[in-house]
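A look at the structure
The lines below spell out each chain.
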Amino acid sequence: MRKTTTLALIATGLVALGCGAGSTDEGTGSKADAGAGKGDDKPKTAKIGQPARDGKFEFTVKSSKCGVAKIGTDLVGAKAQGQFCLVTINVKNIGKESQMFDGSSQKAYAADGTEYSADGGAAIYANKNAETFLNDINPGNQVTGVVVFDIPKNVKLAKLELHDSPFSGGVTVALS
């Protein structure tokens, strides 16, 4: 009986720690960081070319190009299931310590709200130096890279949701 109680307490403690770990990262993406004004409950939506902040990162979407069928060379590359959308993003660390940028934490949305995940495999061929794959960025430094989304041929992306970590609140950037 005593062993069972001890194991139950340990399991409960581990579950509580796991739940709490996600909530601490959530605070890095506050509404103030996302560009919300004073007294404004909704985060500001940025446009292409405008900086937008989430946690320790300031994102600036430079361009978005869809309709790409293949990335890479004839020998090595990736072929889209539908079409690739290549989104060029500048990521600047505005924090006081190193922060890892992961392209797979970024999301894209169609006008009807359908969510699309980034294609990390295709992004390897779109970036010469793996700028969007688990890249540590020191304070004050910045990188520019391409995040790739594989979406159906008849779909047009309306917005991006950019994150400084998988658990942050994110910031929205309109693509049109």
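Residues numbered from 1 in each chain as written. Predicted model: local features only at pLDDT ≥ 70, side-chain atom pairs only at ≥ 80, totals over all residues. Heavy atoms only, no water.

With that out of the way, let us pick up the overall build of the protein. Along the backbone of the protein there are two helices and eleven strands. Counting from the amino terminus, the protein carries its helices and strands in the arrangement α-β-β-β-β-β-β-β-α-β-β-β-β. Put simply, the protein has 176 residues, and 38% of those count as buried. Residue pairs in contact within the protein that sit at least 24 positions apart in sequence constitute 68% of those at least 6 positions apart. Accessible area for the protein stands at about 10400 Å²; split by element, carbon and sulfur atoms hold 54% of it. (Helix = DSSP H or I, 4+ residues; strand = E, 2+ residues; numbered from the N terminus. Buried < 20%, exposed > 50% of the residue type's maximum accessible area, 1.4 Å probe, protein only. Contact = heavy atoms within 4.5 Å. Areas by Shrake-Rupley, 256 points an atom, 1.4 Å probe, with all protein chains shown as cover.)

Attention shifts here to the environment of A123. Residue placement: A123 occurs in helix α2 (residues 120-126). Sequence separation between A123 and V146 is 23 residues; the distance between their C-alpha atoms is 6.7 Å. Residues in contact with A123, not counting those within four places in the same chain, are T132, V146 and V148.

Relative to the helices and strands, S105 is located in the loop between β5 (99-101) and β6 (107-110). Using a relative accessible area of 9% as the deciding quantity, one classes S105 as buried. Residues contacting S105, with those up to four places away along its chain left out, are H163, S165 and P166.

The next point concerns a nonpolar patch on the surface. Together, L75, V76, I124 and Y125 line one region of the surface with nonpolar side chains, adding up to about 450 Å² of accessible area. Counting through the fold element by element, Y125 comes out in helix α2. (Patch = residues over 30% accessible without salt bridge, like charges linked within 9 Å, V, L, I, M, F, W, Y side chains within 5 Å. Salt bridge = Lys/Arg side-chain N within 4 Å of Asp/Glu carboxyl O.)

This part is about the confidence of the model for the protein. On average, residues of the protein score 80 in pLDDT, and 76% of them are at 70 or above. With pLDDT under 50 throughout, residues 1-42 is counted as low confidence; its partners more than four residues away or in other chains account for 31 contacts. (pLDDT = per-residue confidence, 0-100.)

Another point: the environment of I124. Its place among the elements puts I124 in helix α2. Separated by 53 residues in sequence, I124 and I71 have C-alpha atoms that sit 9.2 Å apart.

Each disulfide is one covalent bond, formed between the sulfur atoms of two cysteines. According to the stated counting rule, one finds one disulfide in the structure shown. The disulfide bridge from C66 ends at C85, spanning 2.0 Å between sulfur atoms. Between C66 and C85, the S-S torsion sits near 115°, and that sign places the bridge as right-handed. Within this pair, whereas C66 is found in strand β3 (residues 57-72), its partner C85 is found in strand β4 (residues 77-93), the two being separated by 19 residues in sequence. We classify C85 as buried; its relative accessible area is 0%. (Disulfide = S-S within 2.5 Å.)

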